[in-house]
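# Observations on the three-dimensional arrangement
Listed here are the chains, written in short residue letters.
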Amino acid sequence: MSTIQQSTRRDFLKTASAAALVPYFYTASARASADRPPPSDRIVMGGIGIGNMGRGDQGAFLGRKDVQYVAVCDVREEFRNHAKAQVDGRYNNKDCQAYNDFRELLARPDIDAVHIATPDHWHAIMVIEACRAGKDVYCQKPETLTLREGPLMVAAARRYGRVVSGGSQRVLEDYRKQVDPVWAGELGKLKSINVSVGPLPQLCNLPAEDMTEKIDWDLWLGPAPWAPYNSKRCSGSFSINGASWRSFIDYSGGGMTDWGAHHFGGATFIADVREQQPVEVKFHQDNGQTYLSYHYPNGFVLYHNRPNTPNLALEGSSEEVAPKPVPGYQGEGGIYGDFIHCVKTREKPFRDIELAVNTAAVAHLGNIAYTLQRSLKWDSAKQEFVGDADANRLTDRARREPWAI
Amino acid sequence: MPLDDAFQALKTYDWGTDRAPVTPITEAVAAAQSNAEARQDLESRLLAALSSDISRDAKDFVCRMLTIVGSTAAISALAALLPDEQLSHMARYALERITGPEASQALRDALPKLAGKLKLGAIGSLGVRRDSASVSALANLLKDADPAVARAAAQALGLIGTPAAAHALLQAQPAAPLQAAVTDATLACAEAILAANDPATALKIYQTLAADTQPRLVRLAATRGQLACAARTA
């Protein structure tokens, strides 16, 4: 596949003369106004995967005065056209370009940043290609489909100095009531949290259907195994029980990653272990019920589906801990504002890709432990299971040609 | 025997059929780690199914199972599918995850027999396997007339990440459209070499990529790399 690499538009703006630049992107909608920054201070953005979550992300970025939204990409014609109409309506022009192939959007030197909300099997390829093209990236959760993808995404972001944010707004916004007392030391040293989420992804052998929508099916499948078109297979609905791609192992880690990105993300934030990965996942069976315990280097235990334990139940201790300040978003506008702020300042966002990858890894480790029905030791530095060759085979999967990472 | 029934069900398994009848195979594969005899038996049955007249979806399912229980015994059957337009990917799906040099050898041997996308797939799998024995073969493909093949070879060399892979990339004289892929792979090699605690070699690579002739994005990456090397040697 193509590799795109170039200087960014903002790099260009800093070095080229303003007079030479004006004809390139100066449009009626791009003029400075009393309530908008001048074009040179706006972040020029495009969106890839504009159905469902992507539509929401697009709306959030499009509504910002410090963003100039110029391009949309989706393999579905209907989504593509709708997204273009949204942008054109916002700026009262016809300037937004619509693409079927994300590589064409990434090849545009005028775009500073992209948001990605495709199905999960595309995330790693697109994030890495965007970094190579010098773009900053806001990627929807779950950021990875396999364990191997995470470090490659982090490496690409760091290699090119890109700001790459993961996408769960819930990590900070839904769990603050638990975060604040724990970080204030009110529960003592935290011993454990339980997360109840699921189910695991399933194989998909839905039958072939007549294609009733205009969709580039080969590009929708991308690196995933070939399969016939079926509307449920590629539905972007939030079902994790067989009625959307979120249910199926070729495109998603199932409920474990889809909601796990929120709940595991919140739990590891509460416990302040976002920068780590577990060293062991223990598989338990209790009266016919299976559950997991993840063990962190500092002794913290993250349970998954612990019997008779509510979701996000905290277990504190009498061991005193010093209070510490709680990190949060920077800039204005929630997680989107945090990303834009960091694009401008080159700081790491709240959901920096490395932290997002660590959260996704919890879910993937769990899926593998449940699949193999046994406990696993995990060497996060080497990104491999200790003494379990079969488990190591499940850390990644071959991508359908021509795609590779 | 549920497992016998499951293999019987595999004969009619296809897109749109019930998955439940083949589930005992999935369960047996997951449980096979501690039982070498059961594992070998499962692999034999799966290979027999793979060579039989079953649906494409059923063969996909078999390859998924061989991802876990496939051994050197499965390699020749999987390698034989690499030139198959429909089954090449799922053959690699299993082959890519089978440990040991034999699977890499099979992928390497297939390269001259493959073209187009299927060749890109095999190259990609050698990269994922970080097969250092493939550096020479991949270096030759950097000069391939098909730019997609040359690009894939560069990416695979970057994943292999050894000094020999870096040397091959630095010696390449890619056409302009390939330059970015070769540079990215070379940077990836430098990162891997630094991670392997050889900052002196990594530094030389970064210095080469810091030249004024490189795009700004690359020069900044090379500068960050040089700083990382300096931090390691300080």
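Per chain, residues are indexed from 1 in the order of the written sequence. Written order determines the labels here, with chains lettered from A and ligands numbered from 1. Confidence filtering applies because this is a predicted model: local features only for residues at pLDDT of at least 70, side-chain atom pairs given and counted only at 80 or more, and all residues used for totals across whole chains, interfaces and linings. In computing side-chain values, all of the structure's heavy atoms are included and hydrogens and water are not.

## Overview of the confidence of the model for chain A
The predictor rates its confidence in each residue with pLDDT, a number between 0 and 100. Looking at chain A as a whole, the pLDDT averages 92, with 92% of positions reaching at least 70. Counted against residues more than four places away or in other chains, residues 12–26 of chain A, with its pLDDT under 50, gives 12 contacts. Contacts are assigned to residue pairs that have any heavy atoms within 4.5 Å of one another.

## Quick notes on the domain arrangement of chain A
All names here are of chain A. The domains assigned to chain A are domain 1 (9–169) and domain 2 (171–200 + 256–393). The centre of domain 1, based on its C-alpha atoms, is set 29 Å off from the matching centre of domain 2. The interface is formed by 38 residues belonging to domain 1 together with 36 residues belonging to domain 2. Of the roughly 3000 Å² buried between domain 1 and domain 2 on both sides combined, carbon and sulfur atoms contribute 62%. The salt bridge criterion pairs a side-chain nitrogen of Lys or Arg with a carboxyl oxygen of Asp or Glu, the two atoms within 4 Å. Counting across the interface, domain 1 meets domain 2 through 6 salt bridges. Where Arg158 meets Glu354, a salt bridge forms, and the shortest distance between an N and an O atom there is 3.1 Å. Any pair of nitrogen or oxygen atoms within 3.5 Å is treated as a polar contact; in protein, a donor-acceptor pairing is required on top of that, and neighbouring residues in sequence qualify only through side-chain atoms on both sides. Between domain 1 and domain 2 we count 17 residue pairs in polar contact (both at pLDDT 80 or more) in total. Per element, the largest residue contribution to the side of domain 1 that touches domain 2 is 6 residues, and it comes from helix H7 (residues 149–159). All domain edges in this entry derive from an automatic or database-based domain assignment. Put simply, buried area is the surface a 1.4 Å probe can reach on two separate parts but cannot reach once they are joined, added for both. The secondary structure listing takes helices from DSSP runs of H or I that are at least 4 residues long and strands from runs of E that are at least 2 residues long, numbered from the N terminus.

## Some words on the side chain of His89 of chain B
If you trace the backbone, His89 of chain B turns up in helix H6 (residues 88–95). Exposed residues in this analysis have more than 50% of their type's maximum accessible area, buried residues have under 20%, and partly exposed residues fall in between, with area computed by a 1.4 Å probe over protein chains only. His89 of chain B sits in the buried class, given a relative accessible area of 4%. Among the polar contacts listed, one links the side chain of His89 of chain B to the backbone nitrogen of Arg400 of chain A, at a separation of 3.2 Å. Residues in contact with His89 of chain B, not counting those within four places in the same chain, are Pro223, Ala224, Pro225, Ala398, Arg399, Arg400 and Glu401 of chain A.

## Some points on the interface of chain A and chain B
On the side of chain B, 49 residues touch chain A, which itself brings 54 residues to the contact. Buried surface at the junction of chain A and chain B, both sides included, amounts to about 4200 Å², of which 51% is carbon and sulfur. The largest contributions to the chain A side of the interface with chain B come from Asn205, Arg393 and Glu401 of chain A, which together make up 20% of the buried area. For the pair chain A and chain B, the number of links is 6 salt bridges.

## Section: the packing of aromatic side chains
Residues and elements named next belong to chain A. Each pair of aromatic rings taken from Phe, Tyr and Trp, with Trp reduced to its six-membered ring, is defined by centres within 6.5 Å and is described as stacked if the planes are under 30 degrees apart, edge-to-face if over 60, and tilted in the remaining cases. According to the stated counting rule, one finds 20 aromatic pairs over all chains in the structure shown. For the ring pair Trp217 and Trp220, a centre distance of 5.1 Å and an interplane angle of 5° mean the geometry is stacked. Residue Trp217 and its partner Trp220 are located together in helix H10 (residues 217–221), separated by 3 residues, close to a single helical turn. Looking at Trp217, the relative accessible area reads 10%, which means it is buried. Trp220 gets classed as buried once you look at its relative accessible area, which sits at 4%. Three or more aromatic residues joined by ring pairs make a cluster, and in this case those are Phe61, Tyr138, Tyr336 and Phe339. We count a charge as sitting over a ring when the NZ of a lysine or the CZ of an arginine lies within 6 Å of the ring centre and within 35 degrees of the ring normal. The positively charged end of Arg274 is found above the aromatic ring belonging to Phe350, 4.4 Å away from the centroid. Sitting over the face of the ring of Trp183, Lys324 holds its NZ or CZ atom 4.7 Å from the ring centroid.

## Let's talk about the packing of helix H10 (residues 147–160) of chain B against helix H12 (residues 176–195) of chain B
All names here are of chain B. Comment: axis = line fitted to C-alpha atoms, over the contacting stretch for helices; angle = value between 0 and 180 degrees taken between N-to-C directions. Running from N to C, H10 and H12 point in directions that differ by 10°, and their axes come no closer than 7 Å. Relative to H12, the element H10 lies roughly parallel. Within the contact between the two elements, H10 uses Pro147, Ala150, Arg151, Ala154, Gln155, Leu157 and Gly158 and H12 uses Pro177, Leu178, Ala181, Val182, Ala185, Ala188 and Cys189. Just so you know the grouping, Ala, Val, Leu, Ile, Met, Phe, Trp, Tyr, Cys and Pro go in nonpolar, Asp, Glu, Lys and Arg go in charged, and all remaining residues, Gly too, go in polar. For the contact of H10 with H12, a count of residues per class yields 11 nonpolar, 2 polar and 1 charged. Just so you know how the angles are binned, under 35 degrees is roughly parallel, over 145 roughly antiparallel, 65 to 115 roughly perpendicular, and the rest oblique.

## Considerations on the side chain of Lys59 of chain B
Tracing the backbone through its elements, the reader meets Lys59 of chain B in helix H4 (residues 56–69). Those residues in contact with Lys59 of chain B that lie beyond four places of it in its chain are Leu50, Ser52, Ile54 and Leu87 of chain B.

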